[in-house]
Amino acid sequence: MHSKNLHTMKINKKAVKTFWDQQAKKSNYLRPEGISNLEENEELLEKKIGLETKKIFSWIGNLSNKTVLDLGAGTGQWSLKFAKSAKSVIAVEFSKGMQDLAISEAKKQKINNIKYELCAAESFFIDEEIDIIWISGLLCYLHDEDCENLLSNCKKMISKNGRLILREPIGLQERFEIREVYSEALKTKYSNTYRTSEEYFELFARHDFKKMRDEDMFDKGSDLNKWSETRLRIFEFQV
Ligand SMILES: C[S@@+](CC[C@H](N)C(=O)[O-])C[C@H]1O[C@@H](n2cnc3c(N)ncnc32)[C@H](O)[C@@H]1O
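I will try to describe carefully the structure that is included in this document. Everything quoted here is computed from the prediction, not taken from an experiment.

Digging into helix H5 (residues 96–108)
Line of reasoning, step 1. With 13 residues, H5 ought to run about 18 Å at 1.5 Å a step, and its terminal C-alpha atoms sit 18 Å apart, in line with that.
Line of reasoning, step 2. Within H5 the residues assigned to the buried category are Met98, Gln99, Leu101, Ala102, Glu105 and Ala106. Summarising the axial view, the buried residues of H5 lie within an arc of 155°, below the 170-degree limit, and thus occupy one face. In H5, those exposed residues whose orientation departs by more than 90 degrees from the buried face are Lys107 and Lys108.
Line of reasoning, step 3. Those residues of H5 that are buried lie in contact with helix H1 (13–24), helix H2 (32–37), helix H4 (77–83), strand S2 (88–93) and strand S3 (114–118).
Line of reasoning, step 4. Looking one or two places after H5, you find lysine 110, whose phi comes out positive at around 55°.

Printed below as a string of structure tokens:
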């Protein structure tokens, strides 16, 4: 993996948005989950979706009568699945290309309890009590200050017994910052921040979220753990 632990370089938000707008254009040959996951290998993608869906639903629990907020919803791979049993879902996304794919997929699947908001996740606020806040593969594209703003808003929106489930790639030993590095696999420049689990615990603790549990998404030795320095991890926080 091309990575640097510089710690200080701001992520270029405009470049991140452009990256995802471009990624959305792959819909002529890649399905929505492949676009959001940056995975073009159909076999690996199928395996990833299967394993993740099983784990995520066991963590999320029963969604009936619950409102879900999906921040950085992408092509809606999780919003759509949650909407099938939740009361309603709010899907927040800042790339119009990605959001359009999510909307058209919902239409195809005749799902009509998802409200779409086109805006930066860190500025999103609604004066409603949310039962489940779902954040997946978003914070790795946000600068630290934006993570603070996002968490501050989440604290205000989450209901008293609400839960926040986070699914993010993490740096195992240390934080890695990739800034506009050319990726051969993606054929474009790419930025990402792999924070450590401890950094996430501290971030959430600053906003009074208690960590309930956390776990690697995939088993040790899985071919879905692509880099030795990073892991996809799932966390549950409550207020
Ligand atoms: C890796 S995809 C994850 C999509 C979805 N959450 C999932 O798990 O399938 C990251 C998404 O976050 C969106 N995103 C990145 N920064 C954002 C921001 N500041 N506000 C809203 N969306 C953002 C991107 O446009 C992209 O659709």
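Quick word on helix H3 (residues 42–60)
Line of reasoning, step 1. Compared with the 27 Å implied by 1.5 Å per residue over 19 residues, the 26 Å span of H3 between its first and last C-alpha is a close match.
Line of reasoning, step 2. Within the sequence span of H3, burial applies to Leu44, Leu45, Lys48, Ile49, Glu52, Lys55, Ile56, Trp59 and Ile60. The arc that holds the buried residues of H3, viewed along the axis, is 155°, so those residues lie on one side. Every exposed residue of H3 that faces more than 90 degrees away from the buried side is listed here: Glu43, Lys54 and Ser58.

Thoughts on the pattern of salt bridges
Line of reasoning, step 1. Counted by the stated rule, this structure contains 29 salt bridges.
Line of reasoning, step 2. Arginine 175 serves as the salt-bridge partner of glutamate 177, at 2.8 Å between the closest nitrogen and oxygen.
Line of reasoning, step 3. For arginine 175, a relative accessible area of 5% translates into the label buried.
Line of reasoning, step 4. Several salt bridges share partner residues, and in doing so they unite Asp144, Arg175, Glu177, Arg179, Arg195 and Glu199 into one network.

Parameters and conventions
- Residues numbered from 1 in each chain as written.
- Predicted model: local features only at pLDDT ≥ 70, side-chain atom pairs only at ≥ 80, totals over all residues.
- Heavy atoms only, no water.
- Helix = DSSP H or I, 4+ residues; strand = E, 2+ residues; numbered from the N terminus.
- Expected span 1.5 Å × (residues − 1).
- Buried < 20%, exposed > 50% of the residue type's maximum accessible area, 1.4 Å probe, protein only.
- Arc of directions from axis to C-beta.
- Contact = heavy atoms within 4.5 Å.
- Salt bridge = Lys/Arg side-chain N within 4 Å of Asp/Glu carboxyl O.

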